[in-house]
Amino acid sequence: MKNIKSSKQQNLWFERIMAITATVNLGLVLFNLSYVPWRDFYLRKLPQIIQIYDPIKGIEPHRDTKSYLETVDALEEQVRQTGLESSQVNNRLIQISRLSSEMIDSNPFAGVNKSGTLEKIKKRMRSHIGNESAKQSFATFWSQPYLSQNGWVKEINFFNESIRPLIASNYYRQIGENGEFVDNFWIIDLPFVILFGVELLGRTFLIRRRHPGLSWFEAVLWRWYDLFLLLPFWRWLRILPVVVRLDQARLLDLHPVRKQIHQGIVANFAEELTEVVVVRVINQVQGSIQKGELTRWLLQQENLRPYIDINNVNEVEAIAGLLVKTIVYQVLPEIQPAIVAILRHNIETVFHQVPVYRDLQNLPGVGQAQTQLSEQLANQITTNLYKTLVSAVEDPVGAKLTSQLVETFSKVLGSQIKEKHVLSEIQSLLFDFLEEIKLNYVQRLSQEDIDQIIEQTRQLRTQVSVPAVVKR
């Protein structure tokens, strides 16, 4: 027992280690997928990540925007050395103004789908200068008169805080021979893929040992979700095996999620499945009616398929006999007073309708005698009728006569049903009745709240699973 527990504990630790490894790999995959859209954020908050990860994505500074910012840096250095009014500074300003115009015309941001960044730069510069033209706004900004009038320090700080970060966010991304952007994430991902591949082979080998009847392909499909860990594309699908592994390693409880998924699947299929099953049954019954199978069943003749009797008992006759005995011995004695009251009321009503009796009502004692007579007649009729029924049930001759009556009734009914007009009318009515059921009640089944039914089913299972409390 200790060895079994130790083995299970070791397996659990292995599952947890592999689940955590798969989670780390998924985290890297998601980071790789989000890197380009979030690169501006990393550039502002975590520039160290940019320096490390840009080469992996084939990203390098764009020559035009890099040259633009380097020229601005040279301008700042020149101002510190010679002052704002020097000819060297003026030359730098003319150069930057020309580069600004070229940047607007060539749009170096378009190559990486960042044209919106250029529009933001132009909007900020137009708003700052108060001019509708972006080119004229840049030309005004990079001029000695404007910078002298508005203050060099103030204006260069505006550029460095509002414009420079936007220009610096631009980049150039290398394109491979396949026409796609370079992405060397596979170098990081390859060790994980090799590890998961070796693990899958080991698991497949163990599955085949435990289940010799499985082929290698079937053994691999036993862990089909692990195949997503090996795909070099659609890596985001690895979230499926990661979630499954975390659940198997007991690091994540997915029972509520699985329950909701199962409920969703059942809710989606229950409506259509219910309709298909009910309509199919009704169609089979309608087909049997059209083929005449219902008539042969009513006449107790041979069906298209032989009727299978499992106990050599006519269940219809047995049920009828049981119902008759229940009515005679149990039901009628209970309702006999009510029957007597009804008969007495009807007898008294008949007496009151006779003219002679109405005249005799005026004589002393006649009313009381009439009441006694009515009660005696009702009791006598009820008693005699009940005795007749009991004797019919208990008397073998009576029972035989009753059986003959039922048999004769069945034969007469069968002979009448053989009439073509009766048979065709019955078949037509039954067929139409079943069609109305399909159109009305089956539609109600589809409109019923499947979620409510599932909840009721869950409550029933909960009640069954909870042991009953024994009262003392």
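Residues numbered from 1 in each chain as written. Predicted model: local features only at pLDDT ≥ 70, side-chain atom pairs only at ≥ 80, totals over all residues. Heavy atoms only, no water.

With respect to the UniProt feature "transmembrane region" (unreviewed entry) in the protein chain
Move 1: UniProt's feature table lists "transmembrane region" (unreviewed entry) at residues 12–35, given in the numbering used throughout.
Move 2: Between the C-alpha atoms that bound residues 12–35 there is a distance of 34 Å. The span itself is 100% helix and 0% strand. (UniProt positions renumbered as here; feature names shortened; annotations may be inferred. Helix = DSSP H or I, 4+ residues; strand = E, 2+ residues; numbered from the N terminus.)

Structural notes on the side chain of Asn32
Move 1: Turning to its location among the elements, Asn32 is positioned in helix α1 (residues 2–35).
Move 2: Once you skip the residues sitting within four places of it in the chain, Asn32 turns out to touch Tyr53, Lys57, Asp183 and Phe185. (Contact = heavy atoms within 4.5 Å.)

Some points on the packing of aromatic side chains
Move 1: The full count for this structure, using the stated rule, is 14 aromatic pairs.
Move 2: Within the aromatic cluster, the residues linked to one another by ring pairs are Tyr68, Phe141, Trp142, Tyr146, Phe158 and Phe159.
Move 3: The lysine or arginine in question, Arg16, covers the ring of Trp13, its NZ or CZ lying 5.6 Å from the ring centre. (Phe/Tyr/Trp six-rings, centres within 6.5 Å; stacked < 30°, edge-to-face > 60°. Lys NZ or Arg CZ within 6 Å of the ring centre and 35° of its normal.)

Observations concerning a nonpolar patch on the surface
Move 1: Residues Phe217, Leu221, Trp224, Leu227, Ile239 and Leu240 make up a contiguous nonpolar surface patch of about 570 Å² in total accessible area.
Move 2: At the level of secondary structure, the elements contributing two or more residues to the nonpolar patch comprise α11 (216–222) and α12 (239–248).
Move 3: The class of Trp224 is partly exposed, set by a relative accessible area of 43%. (Patch = residues over 30% accessible without salt bridge, like charges linked within 9 Å, V, L, I, M, F, W, Y side chains within 5 Å. Areas by Shrake-Rupley, 256 points an atom, 1.4 Å probe, with all protein chains shown as cover. Salt bridge = Lys/Arg side-chain N within 4 Å of Asp/Glu carboxyl O. Buried < 20%, exposed > 50% of the residue type's maximum accessible area, 1.4 Å probe, protein only.)

Some points on unusual backbone geometry
Move 1: Positive phi, normally seen in glycine, also occurs at Asn107, with a value near 50 degrees.
Move 2: Structurally, the position occupied by Asn107 is in the loop between α5 (87–106) and α6 (115–129).
Move 3: For Trp234, which is not a glycine, the phi torsion comes out positive at approximately 50 degrees.
Move 4: With respect to the secondary-structure elements, Trp234 resides in the loop between α11 and α12.
Move 5: The class of Trp234 is exposed, set by a relative accessible area of 56%.

Quick notes on the nonpolar core
Move 1: Counting residues in each nonpolar core, the largest one holds 29 residues, and the members touching the most others are Tyr68, Leu75, Phe138, Trp142, Phe159 and Ile167.
Move 2: Where this core is concerned, the elements lending two or more residues are α4 (63–82), α5, α6, α7 (134–141), α8 (144–150) and α9 (152–168).
Move 3: Broken down by element, the residue count for this core peaks at seven residues, all from α9.
Move 4: What Trp142 contacts, discounting residues up to four positions off in sequence, is Tyr68, Val72, Leu75, Leu93, Ile96, Ser97, Ser100, Ile156 and Phe159. (Core = buried A, V, L, I, M, F, W, Y, C linked by side-chain atoms within 4.5 Å.)

A closer look at the pattern of salt bridges
Move 1: Here the structure, examined in full by the defined rule, presents 16 salt bridges.
Move 2: In this structure, Lys122 engages Glu119 in a salt bridge whose closest nitrogen and oxygen atoms are separated by 3.3 Å. Here Lys122 and its partner Glu119 are both found in helix α6, three residues apart, which amounts to about one turn of the helix.
Move 3: When its relative accessible area of 14% is taken as the criterion, Lys122 is described as buried.
Move 4: For Glu119, a relative accessible area of 42% translates into the label partly exposed.
Move 5: The closest approach of N and O atoms between Arg235 and Asp189, which form a salt bridge, is 3.3 Å. Residue Arg235 is found in the loop between α11 and α12, and its partner Asp189 is found in helix α10 (residues 185–210); the two are separated by 46 residues along the sequence. Just as Arg235 is buried, Asp189 falls in that class too.
Move 6: Look at the salt bridges and you will find they share partners, linking Glu15, Glu199, Arg203, Arg223, Asp226 and Arg245 into a network.

Quick notes on α12
Move 1: For α12, every residue scored as buried is listed here: Pro241, Val242, Arg245 and Leu246. Buried positions in α12, seen along its axis, are confined to an arc of 135 degrees and lie on one side of it.
Move 2: Once α12 finishes, Arg250 follows within two positions and takes phi at roughly 60 degrees, a positive value. (Arc of directions from axis to C-beta.)

Observations regarding the side chain of Asp54
Move 1: With respect to the helices and strands, Asp54 occurs in the loop between α3 (47–53) and β1 (59–60).
Move 2: In this structure Asp54 comes out as buried when scored by relative accessible area, which is 9%.
Move 3: Setting aside chain neighbours within four positions, we find Asp54 in contact with Tyr35, Arg39, Ile49 and Ile59.

Re the packing of α4 against α5
Angle between the axes and distance between the axes: these two values describe a pair of packed helices.
Move 1: At a minimum axis distance of 9 Å, the contact between α4 and α5 shows a crossing angle of 165 degrees. Judged by the inter-axis angle, α4 sits roughly antiparallel to α5. For the pair α4 and α5, the sense of crossing is left-handed. In contact with Tyr68, Thr71, Val72, Ala74, Leu75, Gln78, Val79 and Thr82 of α4, α5 contributes Gln88, Val89, Arg92, Leu93, Gln95, Ile96, Leu99, Ser100 and Met103.
Move 2: Classifying every residue of the contact of α4 with α5 gives ten nonpolar, six polar and one charged. (Axes fitted to C-alpha atoms, helices over the stretch in contact; angles between N-to-C directions. Parallel < 35°, antiparallel > 145°, perpendicular 65-115°, else oblique. Left-handed = near helix turned anticlockwise from the far one by under 90°. Nonpolar A, V, L, I, M, F, W, Y, C, P; charged D, E, K, R; others polar.)

Remarks on the environment of Phe109
Move 1: For Phe109, the location among the structural elements is in the loop between α5 and α6.
Move 2: A relative accessible area of 0% places Phe109 in the buried class.
Move 3: In this structure the C-alpha to C-alpha distance between Phe109 and His62, which are 47 residues apart in sequence, comes to 8.8 Å.
Move 4: Excluding residues within four positions of it along the chain, Phe109 makes contact with Thr65, Met103, Lys114, Ser115, Thr117, Leu118, Ile121, Leu166, Ile167 and Asn170.

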